[in-house]
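Each chain is listed here by its residues.
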Amino acid sequence: MGIKNNILCALLFSLPLLSFSQETEEEIVYKNETEYKVSYPNRITVRTFYVNTSNSLQLKDRNSDVSFNLEPNKQNRIGASVSFRGITASYSFAPDFLAENEDNKDSKLFNLNLRTFFGKHFMQTFDLFNEKGFYLSDDNVSVYLPKTRNFKIGGATSYIWNENFSFRAITSQDEKQLKSTGSFIPRIIYYYSKFNLKTDLVNPPVDDDYKSFDIAFAPSYYYNFVPTKNILLSAGISAGIGLNYSKYDGEDSLTTLLTELNFRASATYDIDNLYLGTHYSYLILNHDADRSTRVNDNIPYFQIFIGYRFKAPKSLVAFADKMQNKLNNEIEKIKN
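The following refers to the structure shown. (Residues numbered from 1 in each chain as written. Predicted model: local features only at pLDDT ≥ 70, side-chain atom pairs only at ≥ 80, totals over all residues. Heavy atoms only, no water.)

A few words now on the pattern of salt bridges. Any two side chains of opposite charge can pair, so long as their charged atoms come close to each other. Throughout the structure, instances matching the rule amount to five salt bridges. Where Lys-179 meets Glu-35, a salt bridge forms, and the shortest distance between an N and an O atom there is 2.7 Å. One end of the pair, Lys-179, is in the loop between β11 (175-177) and β12 (181-185); the other, Glu-35, is in the loop between β1 (32-33) and β2 (37-39), with 144 residues separating them in the sequence. The partly exposed category is assigned to Lys-179, whose relative accessible area is 35%. A salt bridge links Glu-260 to Arg-187, with the shortest nitrogen-to-oxygen separation between them at 2.8 Å. Taken together, the residues span a long stretch of sequence, with Glu-260 in strand β17 (residues 254-271) and Arg-187 in strand β13 (residues 187-199) at a distance of 73 residues. Residue Glu-260 is classed as buried on the basis of its relative accessible area of 3%. (Salt bridge = Lys/Arg side-chain N within 4 Å of Asp/Glu carboxyl O. Helix = DSSP H or I, 4+ residues; strand = E, 2+ residues; numbered from the N terminus. Buried < 20%, exposed > 50% of the residue type's maximum accessible area, 1.4 Å probe, protein only.)

Structure below.
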């Protein structure tokens, strides 16, 4: 009888605690759904991925048909990303066990990508490339330049016109598109590049720097097609125009017209909180390096990924709410 009384007392004592726990859980919104999309405001979205990307240059003589390619010693990479409330960070590295990485000849490739969403419309991206080891080639000859380096940093500020269109469903999967729709997305892109051409294969040795700054207005259009509940197919294209400022060692600085072309496509299978898919994009920046040489600055990108969304800890949700309230108060002060 004593044991039964103890169990009964324990159950009666725990009921308020269970009720409080349930109410606290219900206060946290883990899913918001509209006609066009589902958002997961208090879920952490993680994924692992395989990625192949690089930044290569093609140099063309404006007065002849001669062209040279500067291709990095490409690497296959694996990595991971984490998204929470519109902020996404990713990191990747090139393991030696992947076949293409076994003969890298001391080459290096580091790539960092960050993406942040502000409100319903604004999106900010940040990219960084740091490469070492390039092949200089034309139609007949290919020479490896192990000391040649390329550094690029920049990104884009975008405005998503249609709030029913989910760019997060494409890039970070912390939203899910439920109904097909598209959006016009004007963007401002900007990149700073420093290319160091260094080799001792010629006499005298070459050690020259080429610096470049790009800025362009690049309107784009994206469309999300939802053929079934759990499948998303997306495609988009942008074409932009702007200015390039470049400086090559021993030459005067030059400001010329810049053109931009970017194509992107993706496919995602999303069921419950598990998802997988693939991305492909290709960015081309065209400008003059000097008065006789034209440069095509190419950034191809291919990714295969798998991920999962899980509930964020209550402490993290509380901290995020606190920071959001502070930000909202500061915005109100500025408005007033």
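What follows covers the packing of aromatic side chains. On inspection of all chains with the given rule, the structure shows nine aromatic pairs. Here Tyr-159 and Trp-161 contribute two aromatic rings whose centre-to-centre distance is 5.6 Å and whose plane-to-plane angle is 80°, an arrangement assigned as edge-to-face. The ring of Phe-305 carries Arg-47 above its face, with NZ or CZ at 4.6 Å from the centroid. (Phe/Tyr/Trp six-rings, centres within 6.5 Å; stacked < 30°, edge-to-face > 60°. Lys NZ or Arg CZ within 6 Å of the ring centre and 35° of its normal.)

The next thing to look at is empty space enclosed by the protein. This model, assessed by the stated rule, comprises three cavities of 30 Å³ or more. Its volume calculated, the largest cavity comes out at about 670 Å³. Taken together, 36 residues make up the lining of the largest cavity; nearest its centre are Asn-113, Arg-115, Asp-127, Arg-264 and Ser-281. Of the residues in the lining of the largest cavity, the class split is 15 nonpolar, 16 polar and five charged. (1 Å grid on protein atoms, 1.4 Å probe; cavity = no way out; pocket = protein on both sides within 12 Å on 5 of 7 lines; lining within 4 Å. Points joined across faces, edges and corners; volume = space filled by probe spheres on them. Nonpolar A, V, L, I, M, F, W, Y, C, P; charged D, E, K, R; others polar.)

All right, on to the nonpolar core then. Formed by Phe-129, Ala-156, Ile-189, Tyr-191, Ala-216, Leu-258, Leu-283, Leu-285 and Ile-299, the largest nonpolar core amounts to nine residues. At the level of elements, β13 and β18 (274-288) are the ones that each hand at least two residues to this core. The contacts of Ile-299, once residues within four sequence positions are left out, are Thr-53, Ser-54, Asn-55, Phe-129, Lys-152, Ser-281, Tyr-282 and Leu-283. Of all hydrophobic cores here, the second largest spans eight residues; its members include Phe-117, Phe-165, Ile-185 and Tyr-222. (Core = buried A, V, L, I, M, F, W, Y, C linked by side-chain atoms within 4.5 Å. Contact = heavy atoms within 4.5 Å.)

Over the atoms, a rolling probe the size of a water molecule traces out where space has been left empty. There is about 1100 Å³ of room inside the largest pocket. Elements with a minimum of two residues in the lining of the largest pocket: β1, β2, β8 (108-118) and α3 (314-335). Looking at the lining of the largest pocket, the element that brings in the most residues is α3, giving seven residues.

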